[in-house]
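Summary of structural features
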Amino acid sequence: MKTSLYGTCLYGLVLLCAPVVAQNTTRLGLQGDAVATTAGGWVAPAAHPGNPFSVNAPTQYQIDKQNLGKALFWDVQLSTDDTMSCGSCHGFGTGGTDGRPAGQASQFGAPSLGAFGVIPQSRVGANTIYGFNAPSQETPSVTPFHTPTMVGAYMNRQQLWQKNASNVFNFAGGSFNNWSSLESQAAGPPTNQIEMAHQGLVWSPNQNGAGPLEDKLGAAAPLATVVPGSVPASIPTAWLTMSYDAVFDQVFAADPNPVINAANGATRVRVAMAIASYERTLVPDQAPIDTNTMTAQEVQGFNIVRNSGCFVCHSISGNPQLVNTGTPNSNGTLVDRWDNLMSDGNLHDIFGFGNPRQVPGGGVKTPTLRNLALRRRFFHDGRGRVVGGAALNTLPDIVDFYDIDQNPLNGGLGGVFELNGSGPNNSLTTNERNAVIAFLGNALTDPRLVAGTAPFDSPQLYHTLLPFESLHTRPATPAPAGWQPRMIVETPANVPKVGGPTEWKLGVSSRNATTGPLMPAGSAALLAIDVFDNLGGPLHLPNPILLGSSAVTPQGFATINAPVPLSLALVGVIAKAQWAVVDLVTSQIGWSEAATIFAF
């Protein structure tokens, strides 16, 4: 009864505090609140009344949802093995896109550079083990598309490159029937076996908090695996000693919907609502074009881009105008605030018919030009400008793609897909090229993303300090038959805190499994630990202690779940580990790399 009254009273406060009635509207592929603006003058986020958003005087409930969404967005515990968060692929320092080394993938039969997700995993009984019930893959999965930015994404009516995330979000017992593509998108990665999940993982069918994903997340303490001291100040300190289940129940007790305010801990609808609320705060509206501080060179670049027709796709109006031009130290600000995203939110294809990079089915959504200079990969396939088969991914390369490659004389499409200048064959002169680079590279960059200041602040994730396979210390030794064990030591050895993580495992796979022999199925994989790994090999551990053994699966994997109880006494203790795999038929042995393990 107490919870119900609290929710009812706070909902009344929501209605009383709302300064204006939201008028959510759409224009082409974008959406926004037509009667409100952000502090920087952008169209305010549109949101379904069931998950309201307020730019002016947000309620405590809305603030709490945003901060909970912020914690979830940056928490690797949302993934199967505590290795991936939403923020792993959406770093602010790279404009909300993936700044990690790219993975090789395929998009519509053509090569692409995607984002690394989790190593293939599946569920067997109570344990999550490495490997799918499919051909072996010993490295992390890779998304077929390059990561789109979530910064400013609230203006897109539908999310993802091909607008797969609908503006309608359905959940058990209800629906947000509009303005909810952020909720739809947020619910996807935690169960996607490439991005975050083990094979076959689903949200609870009843969406009542009772499922493997919800149980794992709900028992965890928020941000328990980030670098200590890096949690943003906006996230309440008290939450860090609670379980997610308790935090969810505390925050969502204020929701008026009885389906949502029921004390069910972590649920699909609550996770999606919180992350979407946070993403609606990510408005990059403090760039020079927003603050009237564009230089004359940047204005020249803007005019070249506009006169070339680029804004036919990269704006709503098709012909954006600046409020101020030619005034010293006062250039910028777009007349039509719907133009601010610099995307029409619709599908287009800049690659001609027969080009292997062409996208069937209508193309891909126009990406925003905002914070373009921070990105390390471009276009839907992440390949940027391709010359002689090589992917060139700097901003000058992209300018050259539109200036040189899109010229019909060079086989390009021309028209609105081509930058036009006053040089030979309508090419850009050196000064014009520099002006375009200055406009795209500086005038559209919000300095808060570079500085990591609110709302673009975030905790530091351990995988930014320890990239994939960086813990390997000594080389592997293959068996005489050619199969070679590869140590998997990616799940962080996190000492359980209040409600802390329970998932920790070490694995071994078959190196080069896609081109070489697998470790024989049924072989004995033995895991040993030591404090040193200073021997020349093949056994690198001077005084090994056997932690356990596991049989190799037909896909060439073995896994040991939590072989050591992680306690506070182990914090800061560095250990070394190594696998020996024994073929029980031939008695051949293969040795993995040695690797470092430390609990934190």
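Quick notes on the environment of Gly332
Structurally, Gly332 can be placed in strand E11 (residues 332-334). Assessed through its relative accessible area of 0%, Gly332 is described here as buried. Note: C-alpha distance between Gly332 and Leu322 (10 residues apart in sequence) is 5.6 Å. Contact partners of Gly332, with chain neighbours within four places excluded, come to Ile289, Asn292, Met294, Leu322, Val323 and Asn324.

Structural notes on helix H6 (residues 244-252)
All of the buried residues in H6 are Tyr244, Val247, Phe248, Val251 and Phe252. Across the axial projection of H6, the buried residues extend over an arc of 110°, all falling on one side. Its buried side turned inward, H6 meets helix H2 (60-73), helix H5 (212-219), helix H7 (258-261) and helix H8 (268-279).

Quick notes on the sheet that holds strand E17 (residues 485-488)
Strand order in the open sheet formed by 3 strands is E17-E18-E21, and the pairing between neighbours is antiparallel. Each of the sheet's edge strands pairs with one partner strand only, and the pair in question is E17 and strand E21 (557-561). Pairwise comparison of adjacent strand axes, ignoring direction, gives a mean angle of 15° for this sheet. Here E17 runs beside strand E18 (residues 505-510); their pairing, made up of 4 bridges, is antiparallel. Bridge pairing in E18 links Pro485 to Ser510.

Observations concerning the nonpolar core
By size, the foremost hydrophobic cluster in this structure holds 52 residues, and its most contacted members are Leu68, Leu72, Phe248 and Phe252. Of all the elements in the fold, those that place two or more residues in this core are H2, helix H3 (86-89), strand E8 (169-171), H5, H6 and H8. The leading source of residues in this core is H8, at 7 residues. In this structure Leu68 touches Trp239, Tyr244, Val247, Phe248, Val251, Phe252 and Ala274, once residues within four positions along its chain are discounted. Judged by nonpolar contacts, the second largest core, of 33 residues, contains Val299, Met342, Phe351 and Leu372.

Reading the values: rules and limits
- Throughout this description, residue numbers start from 1 for each chain and increase along the sequence as written.
- At least 70 in pLDDT is required for a residue's local features to be given in this predicted model, at least 80 for side-chain atom pairs to be given and counted, and no such filter applies to totals for whole chains, interfaces and linings, which use all residues.
- Note: side-chain values were computed over all heavy atoms of the structure, leaving out hydrogens and water.
- Helix and strand labels come from DSSP, where a helix needs a run of H or I of at least four residues and a strand needs a run of E of at least two; each type is numbered from the N terminus.
- Relative accessibility decides the category of a residue: with a 1.4 Å probe and only protein chains considered, values under 20% of the type maximum give buried, values over 50% give exposed, and everything between is partly exposed.
- Contact between two residues is taken to exist if any of their heavy atoms lie within 4.5 Å; hydrogens are not considered.
- Relevant arc is that of directions from the helix axis to the C-beta atoms, nothing else.
- At least two DSSP bridges between two strands are needed for those strands to be called paired.
- Axes, fitted as lines to C-alpha atoms, cover a helix only where it is in contact. Angles between the N-to-C directions of the axes lie from 0 to 180 degrees.
- Put simply, buried Ala, Val, Leu, Ile, Met, Phe, Trp, Tyr and Cys residues joined by side-chain atoms within 4.5 Å make one nonpolar core.

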